[in-house]
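# Summary of the model geometry
The primary structure of each chain is shown beneath.
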Amino acid sequence: MARRNQWQSSADVQRQCQSAVLLLIGSLSSLTGIIISTAVGAYISNFSPVTANVNFLGEPFASGKNYTPLNFSEMVSGYHTAHGQAFFAFSLIAAICLLVSWYPKELSNV
């Protein structure tokens, strides 16, 4: 009987594998959201003809260059923008995967 407690059941192993896969999917989703949001934000601030060197009043910038956000948080803070929506979507997927994985409970070595 004592020997039987040393071995994990196949259900435990399956839950641990599922937890590891969900943890990986959540991490990759988060990373993908950051990469896509950065790429779209960089494209919009540098090459977008819609914002062609004008400020929010419609006047041209004195420097002649588009406004570039100072940090990532500022870039994705607007939910109405494409890069803000992409970041929110991928972050939501990552959060759900991490919550469903129960990784602290299933992966006890973490």
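The paragraphs below set out a description of the structure included in this document. (Residues numbered from 1 in each chain as written. Predicted model: local features only at pLDDT ≥ 70, side-chain atom pairs only at ≥ 80, totals over all residues. Heavy atoms only, no water.)

Turning our eyes to something else, we now look at the overall build of the chain. A count of helical and extended segments in the chain gives five helices and zero strands. The order of helices and strands in the chain, counted from the N terminus, is α-α-α-α-α. Counting over 110 residues, the chain shows a buried share of 19%. Within the chain, contacts between residues separated by at least 24 positions form 57% of all contacts whose residues are at least 6 apart in sequence. Summed over its atoms, the accessible surface of the chain is roughly 8300 Å², and 66% of this surface lies on carbon and sulfur atoms. (Helix = DSSP H or I, 4+ residues; strand = E, 2+ residues; numbered from the N terminus. Buried < 20%, exposed > 50% of the residue type's maximum accessible area, 1.4 Å probe, protein only. Contact = heavy atoms within 4.5 Å. Areas by Shrake-Rupley, 256 points an atom, 1.4 Å probe, with all protein chains shown as cover.)

With that out of the way, let us pick up a nonpolar patch on the surface. On the surface, Tyr 79, Phe 88, Leu 92, Ile 96, Leu 99 and Val 100 cluster together into a nonpolar patch covering about 630 Å² of accessible area. Relative to the assigned elements, Leu 99 resides in helix α4 (residues 82-101). What makes Leu 99 exposed here is its relative accessible area of 67%. (Patch = residues over 30% accessible without salt bridge, like charges linked within 9 Å, V, L, I, M, F, W, Y side chains within 5 Å. Salt bridge = Lys/Arg side-chain N within 4 Å of Asp/Glu carboxyl O.)

Any pair of aromatic rings gets described here by the distance separating the centres and the angle formed by the planes. In total, this model carries two aromatic pairs according to the counting rule given. Judged by centre distance (5.4 Å) and plane angle (90°), the ring pair of Tyr 79 and Phe 88 falls under edge-to-face. Classification of Phe 88 by relative accessible area gives partly exposed; the value is 44%. (Phe/Tyr/Trp six-rings, centres within 6.5 Å; stacked < 30°, edge-to-face > 60°.)

It is worth spelling out the environment of Ala 94 at this point. Residue placement: Ala 94 occurs in helix α4. Along the chain, Ala 94 and Leu 23 lie 71 residues apart, while their C-alpha atoms are 8.4 Å from each other. Setting aside chain neighbours within four positions, we find Ala 94 in contact with Gly 26, Ser 29 and Ser 30.

Our focus in this paragraph is the side chain of His 83. Residue placement: His 83 occurs in helix α4. Contacts of His 83, omitting those with residues within four sequence positions, involve Ser 37, Val 40, Gly 41, Ile 44, Met 75 and Val 76.

Attention shifts here to the environment of Ser 77. When you line up the elements, Ser 77 lands in the loop between α3 (72-76) and α4. In this structure, the C-alpha to C-alpha distance between Ser 77 and Phe 87, residues 10 residues apart in sequence, is 9.4 Å. A polar contact of 3.0 Å, which involves the side chain of Ser 77, links it to the backbone oxygen of Glu 74. (Polar contact = N/O pair within 3.5 Å; in protein donor to acceptor, adjacent residues only side chain to side chain.)

On to the packing of helix α2 (residues 10-47) against α4, then. In contact at an axis separation of 8 Å, α2 and α4 are set at 170° when each is read in the N-to-C sense. Taken together, the axis directions place α2 and α4 in an arrangement best described as roughly antiparallel. A class-by-class count of the residues in the contact of α2 with α4 yields 16 nonpolar, 10 polar and no charged. (Axes fitted to C-alpha atoms, helices over the stretch in contact; angles between N-to-C directions. Parallel < 35°, antiparallel > 145°, perpendicular 65-115°, else oblique. Nonpolar A, V, L, I, M, F, W, Y, C, P; charged D, E, K, R; others polar.)

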